[in-house]
Amino acid sequence: MVRFLAALAVLAALFTTVQADELDEILKPIQVTERVWYFKGSLEGRTYENQAFTNNLAFVVTDEGVALIDSGPSSQVAERVARAVATVSDKPIRWVINSGSQDHRWLGNSYFAEQGAEIIALKRTAETQARFADQHMARLQGVLKERLEGTRPMPAPEPVDADRHAMTLGGVDFELIYAGDAHFPGDVLVWLPGEKTVFTSDVVYLDRMLGIHPWSDIRGWLEAFAALEALEPEYVIPGHGRASDLAQARADTGDYLRAIHDGVREGLENWEQLDQTVERLGEMPEFRHLTHYDEWHRMNINRVYLDLEANP
Ligand SMILES: [Zn+2]
């Protein structure tokens, strides 16, 4: 009998292991300061297994509740996030701040709103969310399948019509700072002056190569990065990759943006054709260590060329 029970226990353990999924790993909270925690998203592309949790999502434990920075790519993920936050704090999630408009930054909004959280975003961020909602849902549908069920796109219902917005929750000061369109129009920095911590949205990518899209703005991105530097943060929680500091943010993002911007500008001034510029800048060994370098680097140069050519 004892042996039989032991065998059952082993089977049960095996079963649990099989049931555990990639999200369990992602949803292990990582502490940065006494109040600040984050979940480090997968550095890979969106898959059914990682449930499109390919970005960082952070939270701040205040005396009067938890503030979440971004809400995840779906309602089902949002529910798992809520459970993971509850392992750190039994306080309610009072705020959900959207630092951007890419799918995984805001499609969990409706879940948290139903739980009583206030959704906070700048107007320009919410406008981009509304503009891209259908496209993001369609793309996610193909990846997440039934895991997208229950997800209802909900841009912040009462967005703040300003470029800077300060607010306080439970003794912690927060500031939303828009300093330029970056990866998406309306990306913002979320700054905690008392914690010397900045949540960068997609303004900073660490460990992986950032991606320039047709709607990205290289000059706005450089301005947003300069605003980030001016804050002199001690802790940088990037949009993707491990939390680090300003020096690392410069090395993996700021220097890269500057290098491709200046390189492409030089090409345009010298009347280079697109393929000549891509060829000349196609190898940047100092950034080769970044994950997805091979897929993204040349494409980034291509898109920056088209951007700067169309908007001289
Ligand atoms: Zn992103």
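This section reports on the structure supplied with the text. As the structure is a computational prediction, the values presented were derived from the model and not from experiment. (Residues numbered from 1 in each chain as written. Predicted model: local features only at pLDDT ≥ 70, side-chain atom pairs only at ≥ 80, totals over all residues. Heavy atoms only, no water.)

Focus: helix 7 (residues 218-230)
Compared with the 18 Å implied by 1.5 Å per residue over 13 residues, the 18 Å span of helix 7 between its first and last C-alpha is a close match. Every buried residue of helix 7 is accounted for by Ile218, Gly220, Trp221, Leu222, Ala224, Phe225 and Leu228. Contacts from the buried residues of helix 7 go to strand 9 (189-192), strand 10 (197-199), helix 8 (246-269) and helix 10 (293-310). The N-capping residue of helix 7, defined by a side-chain oxygen 3.0 Å from the backbone nitrogen of Arg219, is Asp217. Positive phi appears at Glu232, one or two residues downstream of helix 7, with a value of about 50°. (Helix = DSSP H or I, 4+ residues; strand = E, 2+ residues; numbered from the N terminus. Expected span 1.5 Å × (residues − 1). Buried < 20%, exposed > 50% of the residue type's maximum accessible area, 1.4 Å probe, protein only. Contact = heavy atoms within 4.5 Å. Polar contact = N/O pair within 3.5 Å; in protein donor to acceptor, adjacent residues only side chain to side chain.)

Some words on the pairing of strand 4 (residues 65-69)
The element strand 4 is extensively covered by neighbouring structure, given that 5 of its 5 residues are classed as buried. Relative to strand 4, strand 3 (residues 57-62) runs antiparallel, the two sharing 5 bridges. By the bridge assignment for strand 4, Ala58 is matched with Ile69. Between strand 3 and strand 4, which follow one another and run antiparallel, lie 2 residues. Two strands pair when backbone bridges link them, and strand 4 and strand 5 (residues 93-97) are joined in this way by 4 bridges, in the parallel orientation. Within strand 5, the residue paired with Val66 across the bridge is Ile93. Each parallel crossover has a hand, and for strand 4 linked through helix 3 (residues 75-86) to strand 5 it is right-handed. (Pairing = 2+ DSSP bridges. Right-handed = clockwise from strand over helix to strand, strands pointing away.)

Focus: unusual backbone geometry
Phi is positive for Lys196, close to 50°, though the residue is something other than glycine. At Glu232, a position not held by glycine, the phi torsion is positive, near 50°.

Describing the sheet that holds strand 2 (residues 36-39)
If you walk across this open sheet you meet the 6 strands as 1-2-3-4-5-6, and the pairing is mixed. Sheet topology places strand 1 (30-31) and strand 6 (118-120) at the edges, where each strand pairs with a single neighbour.

Observations concerning the coordination of the zinc ion
Each protein donor to the zinc ion is listed here as Gln102 (OE1), Asp202 (OD), Asp202 (OD) and His240 (NE2); together their distances run 2.2 to 2.7 Å. Seen from the zinc ion, its 4 donor atoms lie at angles of 50 to 161°, and the figure they make is irregular. Each donor residue of the zinc ion belongs to the same chain, and together they define the spacing Q-x99-D-x37-H. One end of the pair, Asp202, is in the loop between strand 10 and helix 7; the other, His240, is in the loop between strand 11 (235-237) and helix 8, with 38 residues separating them in the sequence. Of the residues examined, His240 reaches a relative accessible area of 3% and is grouped as buried. (Donors = N, O, S within 2.8 Å, 3.2 Å for Na, K, Ca; no water. Tetrahedral: all angles 85-135°; square planar, octahedral: opposite > 155°, others 65-115°.)

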